[in-house]
Amino acid sequence: MLTRIERHLPKLTNAEKDVARWVLTHPRQAADATLAEVARACGVSEPTVIRFCRHVGLDGFREFSRRLAETLSRPVSYVHRDVGADDKIPDAVAKVLDASIQALVDAREQLATMPLETAVLKLLKSRQLVFAGLGASGIVAEDACHKFFRLGIPCSAMTSSPNILQFAAIAARDDTLLFVSALGAAGDTVAAARLAAERGACVIALTDPLSALAATANIVLGSDSREDTGLYTPMSSRLAHLAILDALHVSLALSLGEAATERLKASKAAISGGF
């Protein structure tokens, strides 16, 4: 919750920034305070506090209090620490695992506010589903395609800029394109998302909720990334994306009901000698 507030800080109004800074400085006091108490402590109106809550992706003050309390009640906090050139191997390994654990803990928190039901309803009506990603995100896209096609929805994975752009240019209104991108800043990815949206296709973005890609999408599965990708390819964010797509896959399977169960059984039997 605190990380989310920090990331949204630049886009808040001046009054909302006053609320954000007070919460970041006094998180435990904020978690126990009433709406009136927070407004009074920040020197702003109660409607400003409510707007602040909504601008950081929450329904209102009640959800803000609950989410903040959950964040502060975690027994362990795996603080992200970048691996340095002078680190010994055991220290480097511990840092990588700590970052991965924290990424999954963060993903669990973010899932609670993701529009998964909206995404599932769209997928149920889709003619085909295309997972698009470049580099490490392309591997995540391919993994998702491997899972989702077994539910009976025509799926494909596109992991190169030319293919993604060309498909986006001919996408139909009943197609869904799910873009995977840790930063959501790659020019070709954003251009393809814009092309697909202009064609009337549904664009779902699994990415940084403040990114250019998110601004183009119809549905945003916001996933913040804390890692430094200047030297290494994305690691902990990739794990978070895999977990979020698994959650979306399970949600879709549950919505399909018995039909999904039969398809999953049949696909498993086909490679285990069951036929």
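Our subject is the structure that appears above.
Residues numbered from 1 in each chain as written. Predicted model: local features only at pLDDT ≥ 70, side-chain atom pairs only at ≥ 80, totals over all residues. Heavy atoms only, no water.

1. Notes on the nonpolar core
Here is the rule: To define a nonpolar core, start from buried Ala, Val, Leu, Ile, Met, Phe, Trp, Tyr and Cys residues and group those joined through side-chain atoms within 4.5 Å. Only protein chains enter the accessibility calculation, which uses a 1.4 Å probe; a residue is then buried when its area is under 20% of its type maximum, exposed when over 50%, and partly exposed in between. Helix numbering and strand numbering both begin at the N terminus, where a helix is a DSSP run of H or I of at least 4 residues and a strand a DSSP run of E of at least 2. The contact criterion used throughout is that any non-hydrogen atoms of two residues lie within 4.5 Å.
With 30 residues, the main nonpolar core has Phe131, Phe148, Leu178, Ile204, Leu221, Leu245 and Leu248 as its most contacted residues. Counting residues per element, the ones that place at least two in this core are helix H7 (89-111), helix H8 (116-124), strand S1 (128-132), helix H9 (136-148), strand S3 (175-180), strand S4 (202-207), strand S5 (219-222) and helix H13 (236-256). No other element matches the six residues that H13 contributes to this core. Residues contacting Phe131, with those up to four places away along its chain left out, are Ala141, Ala144, Cys145, Phe148, Cys155, Ser156, Ala157, Met158, Leu178 and Leu245.

2. Details of the packing of helix H4 (residues 35-42) against helix H5 (residues 46-55)
For the record, the criterion: For helices, the axis comes from a line fit to the C-alpha atoms of the stretch in contact; other axes are also lines fit to C-alpha atoms, and the angle between any two N-to-C directions lies between 0 and 180 degrees. Angles below 35 degrees are treated as roughly parallel, those above 145 as roughly antiparallel, those between 65 and 115 as roughly perpendicular, and all remaining angles as oblique. The nonpolar class holds Ala, Val, Leu, Ile, Met, Phe, Trp, Tyr, Cys and Pro. Asp, Glu, Lys and Arg form the charged class, and all remaining residues, Gly among them, are polar.
Put simply, H4 and H5 touch, their axes get as near as 8 Å, and they point 100° apart. Put simply, H4 runs roughly perpendicular to H5. Contacts between H4 and H5 involve Leu35, Ala36, Val38 and Ala39 from the former and Glu46, Val49 and Ile50 from the latter. By residue class, the composition of the contact of H4 with H5 is six nonpolar, no polar and one charged.

3. Some thoughts on the sheet that holds S4
Operational definition: Only strands joined by at least two bridges in the DSSP assignment are considered to pair.
Strand order in this open sheet of five strands is S2-S1-S3-S4-S5, and the pairing throughout is parallel. Strands with a single pairing partner mark the edges of an open sheet, and in this sheet they are strand S2 (155-158) and S5. The average angle at which neighbouring strand axes cross in this sheet is 15°, direction not considered. Where S4 and S5 come together, four bridges link them in parallel fashion. Counterpart to Leu206 in the pairing with S5 is Leu221. H8 rests against S1, S3, S4 and S5 of the sheet, and its axis sits at about 135° to S5.

4. Focus: the packing of helix H2 (residues 14-25) against H4
Relative orientation of the contacting elements H2 and H4 amounts to 105°, with a least axis distance of 9 Å. The orientation of H2 relative to H4 falls into the category roughly perpendicular. On H4, the residues that touch Asp18, Val19 and Trp22 of H2 are Val38, Ala41 and Cys42. Class assignment of the residues belonging to the contact of H2 with H4 gives a composition of five nonpolar, no polar and one charged.

5. Brief notes about the pattern of salt bridges
The condition that has to hold: Whenever Lys or Arg places a side-chain nitrogen within 4 Å of a carboxyl oxygen from Asp or Glu, that contact is recorded as a salt bridge.
Applying the stated criterion across every chain, the model contains four salt bridges. The partner of Asp175 in a salt bridge is Arg127, and the shortest N-O contact between them spans 3.0 Å. Placement of the pair is Asp175 in strand S3 and Arg127 in the loop between H8 and S1, with a sequence separation of 48 residues. For Asp175, a relative accessible area of 1% corresponds to the buried category. We classify Arg127 as partly exposed; its relative accessible area is 44%. Where Lys147 meets Asp246, a salt bridge forms, and the shortest distance between an N and an O atom there is 3.4 Å. With a gap of 99 residues between them, Lys147 in helix H9 and Asp246 in helix H13 connect regions that are remote in the sequence.

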